[in-house]
Structure formats: C-alpha cells, structure tokens
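# Geometric and topological summary
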Amino acid sequence: MLITHDTECSLSVLVELLNTSPDACGSEQLPDVAALSAFVVRRDISEVDSLSPADLAAVHRLRSQLREVFSVGSTEEAAELVNAVVAAAGTTPRLTNHDQHDWHIHYFAPHAALGDHLAAELGMALAFIVMAGERERLRRCEAPDCARVFVDLSRNRSRRYCDSRTCGNRLHVAAYRARQRSAEAVPAG
C-alpha cells in the first residue's frame, strides 16, 4: 500500500490525538487549552491561531467521532463516519509549500478553527485508508489492559500492540515468566 508522507504524518497525529482520550488511557490528556496548545506545538500543526475553550471542546468532540472509525463493523459505516467528519469541516484542498516542506496538500481553509483543521486533515487521511481497502490497518491494541489505537503500517499487517516496547514487551515477559513457573512446577520424574 502506498501511503504518502503527508498521510502518514496525519495518521500519526490522529493516533496521538485518539490516545489522549480517557477511553484510551484512563484520564484526559487534553484537559485544558494549555495541553491542547502543547499538542499543537509538539505535532507541528501549522496555521493554527490562538486557541480557546471552544477549540478544546471541538477537538474533544472530533476525537470521539474519529475514534468510532476504529470500531465500526463495516467499510460502509467507516465511510459514512469519515464523510460526515470531512463534510462538517468544509474542506478546502490547496497546494502549499511552507516551513521547508515540499509541495503538499492542505485540506483545511487557511487559519481554520483547530477542530475543522484536524477534521479535514485527519478525516482525509482516514478516507485514503478506507478508499484503499485497508481498514483492517486501523487497530486497537491487543493487550488486555490497553485501549489505545494504532495504524498498522507494517508490510504484512502483523502489528498487534500500540507499542511493542510497552504493551508487547510486557505481555511477552509475562508469558515467559508463566512458562518458567510452569517448568519449575513440573516434578522431576
């Protein structure tokens, strides 16, 4: 599957945004405008004006809508959700080459409200995944105590955990220790 650099960057922002929700990590990681502002800076989201509590509320609503795409049962449902998000954002595709980035497409109007900006960019990234028939790449972590999401961009679609160093490694270590305990419990015969 060919994913452009821009789409991959948008998918990365999408995953980080979705994983800030209390559903994903147990507590709200974007509790206030300052945290939202830090997210914008950390993710280098361009053309964002000053943020307000209304922007925070819009991003929280959008986050919930986008998270649904990871759990719907059919491509038709995913497409319907993505279409609604993108349509509500009022996308305005345009070519741009700012901040030492080569030519690429922005799907949001210049200086759009952050919720609309993210809805357009992240919605279009999801649209490309759905359109390519790759919806199975939108996954939830398989660790039993984790509700984070990720986009599996591996060649063979084999990724199982949101982070192999935390969830994946933790489960592998637990399985190893369980095998060790089982081996110790078997009486020598």
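Up top is the structure.
Residues numbered from 1 in each chain as written. Predicted model: local features only at pLDDT ≥ 70, side-chain atom pairs only at ≥ 80, totals over all residues. Heavy atoms only, no water.

## A word on the pattern of salt bridges
Inspection of every chain in the model, using the stated rule, returns 9 salt bridges. Arg-157 is paired through a salt bridge with Glu-136; the nearest N and O atoms lie 2.9 Å apart. Of this pair, Arg-157 sits in the loop between strand S4 (149-151) and helix H7 (164-185) while Glu-136 sits in the loop between helix H6 (114-131) and strand S3 (138-140), and the two are 21 residues apart along the sequence. On the basis of relative accessible area, Glu-136 is assigned to the partly exposed category, the value being 38%. With a shortest N-O distance of 2.7 Å, Asp-152 and Arg-139 are connected by a salt bridge. Here Asp-152, found in the loop between S4 and H7, pairs with Arg-139, found in strand S3; they are 13 residues apart in sequence, far enough to count as distant. You'll find Asp-152 and Arg-139 in the same group, each marked buried. (Salt bridge = Lys/Arg side-chain N within 4 Å of Asp/Glu carboxyl O. Helix = DSSP H or I, 4+ residues; strand = E, 2+ residues; numbered from the N terminus. Buried < 20%, exposed > 50% of the residue type's maximum accessible area, 1.4 Å probe, protein only.)

## Some words on helix H3 (residues 33-42)
Within H3, burial applies to Ala-35, Leu-36, Phe-39 and Val-40. Here the buried residues of H3 occupy an arc of 145 degrees about the axis, which is enough to place them on one side. What points out from H3, more than 90 degrees from its buried face, is the exposed set Ala-34 and Val-41. One side-chain oxygen of the residue at the start of H3 lies 3.3 Å from the amide nitrogen of Ala-34, identifying that residue as Asp-32. Of the residues trailing H3, Asp-44 is marked for its positive phi of about 55 degrees. (Arc of directions from axis to C-beta. Polar contact = N/O pair within 3.5 Å; in protein donor to acceptor, adjacent residues only side chain to side chain.)

## Things to note about helix H5 (residues 75-89)
Over its 15 residues, H5 runs 21 Å from end to end, which matches the ideal 21 Å to within 8%, given 1.5 Å per residue. Listed in full, the buried residues belonging to H5 are Ala-78, Val-82, Val-85, Val-86 and Ala-89. Each buried residue of H5 sits inside an arc of 95 degrees when the element is viewed along its axis, so together they form one side. Of the exposed residues in H5, those oriented more than 90 degrees away from the buried face are Glu-76, Glu-80, Asn-83, Ala-87 and Ala-88. Elements in contact with the buried residues of H5: helix H4 (53-69) and H6. Following H5 by one or two positions, Gly-90 adopts a phi angle in the positive range, close to 65 degrees. (Expected span 1.5 Å × (residues − 1). Contact = heavy atoms within 4.5 Å.)

## Quick look at a nonpolar patch on the surface
Together, Leu-95, Trp-103 and Ile-105 line one region of the surface with nonpolar side chains, adding up to about 340 Å² of accessible area. The topology assignment puts Ile-105 in strand S2 (residues 104-106). (Patch = residues over 30% accessible without salt bridge, like charges linked within 9 Å, V, L, I, M, F, W, Y side chains within 5 Å. Areas by Shrake-Rupley, 256 points an atom, 1.4 Å probe, with all protein chains shown as cover.)

## Some remarks on the environment of Ala-119
The residue Ala-119 is located in helix H6 in this model. Judged by its relative accessible area of 5%, Ala-119 is buried. Along the chain, Ala-119 and Val-13 lie 106 residues apart, while their C-alpha atoms are 11 Å from each other. What Ala-119 contacts, discounting residues up to four positions off in sequence, is Leu-62, Val-85, Val-86, Ala-89 and Met-124.

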